[in-house]
Amino acid sequence: MTTASEVLSSLQSAFPGAIKDPRVESDARLWATVDPKRIYDVCKYLTDKLNFDHYSGSAGVDWIANNEMEVVEIMASHGAHPVVAMLKVRTPRDNPSIKSLTGLYWNADWYEREIWEMFGINFENHSGLYPLLLSDELMGVWPWRKDFKGYPDLTTGQRAVALPTANGYTEFRIPPTPAEIEAGTVPKERPKYPSFREREEAEIKSDSEMIMHLGPQHAMVPGPFLLDILVEGERVRKGFLDVGYIHKGIEKIMENRTWLQGITYTDRMCYVASLSNNECYCGAVEKILGLEVPERAQYIRVIVEELSRIQSHLIGTGEFLTLIAGVGYAPWQYMIIDREHVISLIESVTGARLTHSFVRFGGVRNDLPDDFAEKCKITLPYIKSRINEFIELFAQDPIYDLRMKDVGVLPAETAKEVGIAGPALRASGVSYDMRVEDPILVYPDLDFKVITGTKGDCADRIDVRLREILESIYIIEQCLDRIPSGPIKPEAKVPKKVPAGEAYYRVEDPRGEMGMYVISDGGDKPYRVKVRGPFYATLQTLPPLLEGVYVADVVAIAGSMDGCPSEADR
């Protein structure tokens, strides 16, 4: 098995003098600063020679005290080894620029565009640095920099100004704040780029083609994002995505909240995955603190997070099935009722149904209720029988078969190249699950299978989620049998100030690989929290997957990805 030490040794031999300040955190974590001139070559070497075939994303950091910017490239593997390499590249803050990795990794596009619009770091040779999450009026203010002054009024929360137009409509404008004007940070010149509409219309090649709008308010869109398709007849020639309609700025907000307050914001990134988001943030902070979670608390975390996976798959699958006719509406009604039983189990532990703030640094907020195991013995067998009924139902329905099978096929190698995550990746036959690849809590002690598909079509993506529910039930049953007595929190009081340090922590969210990169400067608030969400990765892959399909199949393909735009926008 390849280790972080072996990866470091290989890099130092291949690139003498280019690898600086290395730190081997464990066999599975490597940190290093790379010469900016060599970052492209280093990443290519990792991919070609050391099986780092998974570009997991990147994070921007503003080191304002050092007058530097930093980009952290997150490199991993789809199962060849467990090592995650966190490669840092530094650049002067007054004119930040580094080499783009889009020539190596197709999915680097969105990560680099986000860093560019939020920090103002240029990516050399990136062919499309266009806004992704921000409106045009915020371009050039670089809102994730430490000297950003464009915060809304603290008493009213207002930032946008409503202005009536001559024809009776209302438009919203985002003028500079008084603090921006006083600090002199209002951009004198905005970045220049073609608008989203101009980029779409440039792709129209003949009178037989047209742009069709799906969203941001559309029955088939699982939340507000814009999916436009360029169609010719009944075929899709190209897809276009525009996100940011519910951009909440959670990463920036967390820099201005205490460590404990940050937990409540992780709930709201994606309400159907709030417990795994709690886990990801708290796990990263625990790494910096060096906290060991008591064994009983580890079991409790696994139980509630697997229950959360079940309810997420039920609502995601049920909502989607209403879009494709056939068996669709009946399972939706049944699944949402069945989900209530699971939600009630979670509520009996956390006291909440959706946003829990349950995980704590070093443990959990409270213990399981006395009758919890008995309730599970009633609910879990019932859910298991229902899932088996759904699997049998879908196998027998001819309309479901026509709408789903061999539609939206994503081969395994393509799925890995475009960076798709979670059940959508595993449906293509790629056995990649953080509970196995980067195991946390008591997962190494549990017996379960990583569910995979064979074709990577829409039917496989639904089937994988349903069979994952059965595995989650099996995991919970094991936990209930094995959970020991004991404390659920650390004996020592968790300090309000977290020692200076950094950590990257990954969990298997219901939608795939969720990672959080957390930096502390020794204060009572995070210096930086970067969220690497699974649906952000998956959503980027949608346009190429739609090329050449029928318009009617767009609904099935987009819906089968089980989207959460709230997490993508953060």
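Everything numeric in this text was worked out from a predicted model, so none of it was measured. (Residues numbered from 1 in each chain as written. Predicted model: local features only at pLDDT ≥ 70, side-chain atom pairs only at ≥ 80, totals over all residues. Heavy atoms only, no water.)

K.L.:
I tried to follow the pairing of strand β4 (residues 68-76) on my own but got confused; where do I start?
P.N.:
It is a general feature of regular strands that their side chains alternate between the two faces of the sheet. Among the nine residues that make up β4, eight are buried, leaving the element largely enclosed by the rest of the structure. The pairing of strand β3 (residues 54-63) with β4 spans nine bridges and is antiparallel. Bridge assignment links S58 to a residue of β4, and that residue is E73. Between the end of β3 and the start of β4, which pair antiparallel, lie four residues, with N67 showing a positive phi angle near 55 degrees. (Buried < 20%, exposed > 50% of the residue type's maximum accessible area, 1.4 Å probe, protein only. Helix = DSSP H or I, 4+ residues; strand = E, 2+ residues; numbered from the N terminus. Pairing = 2+ DSSP bridges.)

K.L.:
Please clarify how helix α1 (residues 4-14) should be interpreted in this entry.
P.N.:
Helical geometry note: an α-helix holds 3.6 residues per turn, so side chains three or four residues apart project in the same direction. Looking only at α1, the buried set comprises A4, V7, L8, S10 and L11. Projected onto a plane normal to the axis of α1, the buried residues spread over an arc of 165 degrees and lie on a single side. Summarising the contacts, the buried residues of α1 are in contact with β1 (19-26), β2 (29-34) and α2 (39-50). (Arc of directions from axis to C-beta. Contact = heavy atoms within 4.5 Å.)

K.L.:
Sorry if this is basic, but what is going on with the domain arrangement of the protein here?
P.N.:
As a measure of interface size, the accessible area lost when the parts come together is often cited. The domain architecture assigned to the protein consists of domain 1 (4-138), domain 2 (143-189) and domain 3 (250-569). Taking the mean C-alpha position of each, domain 2 and domain 3 sit 36 Å from one another. At the junction of the two partners, domain 2 supplies six residues and domain 3 supplies six residues. Buried surface at the junction of domain 2 and domain 3, both sides included, amounts to about 520 Å², of which 49% is carbon and sulfur. If you sort the residues of domain 2 by the area they bury against domain 3, W144, K146 and Y151 come out on top, with a joint share of 94%. (Domains from an automatic or database assignment. Buried area = accessible area lost by both parts, 1.4 Å probe.)

K.L.:
Explanation requested: the confidence of the model for the protein in the structure shown.
P.N.:
Caution is warranted with low-pLDDT regions, since their predicted coordinates should not be read in detail. Looking at the protein, pLDDT values average 91 and 97% of them are 70 or higher. Ranking the elements of the protein by mean pLDDT puts strand β9 (residues 170-173) last with 77 and strand β5 (residues 84-92) first with 97. (pLDDT = per-residue confidence, 0-100.)

K.L.:
Quick question: what am I supposed to make of helix α10 (residues 329-350) here?
P.N.:
In this model, α10 (22 residues) spans 31 Å end to end at C-alpha, consistent with the 32 Å of a helix rising 1.5 Å per residue. Every buried residue belonging to α10 is among P331, M335, D338, R339, V342, I343, L345, I346, V349 and T350, and all of these are buried. Viewed end-on, α10 has its buried residues packed into an arc of 160 degrees, placing them on one side of the element. Contacts made by the buried residues of α10 are with α8 (274-289), α9 (295-321), α11 (372-396) and α16 (458-482). Taken from the residues just after α10, G351 is the one with a positive phi, measuring 85 degrees. (Expected span 1.5 Å × (residues − 1).)

K.L.:
How should the nonpolar core be read in this particular structure?
P.N.:
Side chains that are nonpolar tend, in soluble globular proteins, to be buried together. Core analysis: the biggest nonpolar cluster contains 163 residues, and L87 and Y281 have the highest contact counts within it. Of the residues forming this core, the biggest block, 11 residues, is contributed by α9. In this view, Y281 contacts M254, T258, W259, G262, I263, T266, F361, M516, V518, P526 and V529; residues no more than four positions away in its chain are not counted. (Core = buried A, V, L, I, M, F, W, Y, C linked by side-chain atoms within 4.5 Å.)

K.L.:
Help me out: how do you make sense of the state of the cysteines in this one?
P.N.:
Working definition of a disulfide: a covalent bond connecting the sulfur atoms of two cysteines. For the structure shown, the criterion picks out zero disulfides. The thiol of C282 is not disulfide-bonded; the next cysteine sulfur, from C280, is found 9.7 Å away. (Disulfide = S-S within 2.5 Å.)

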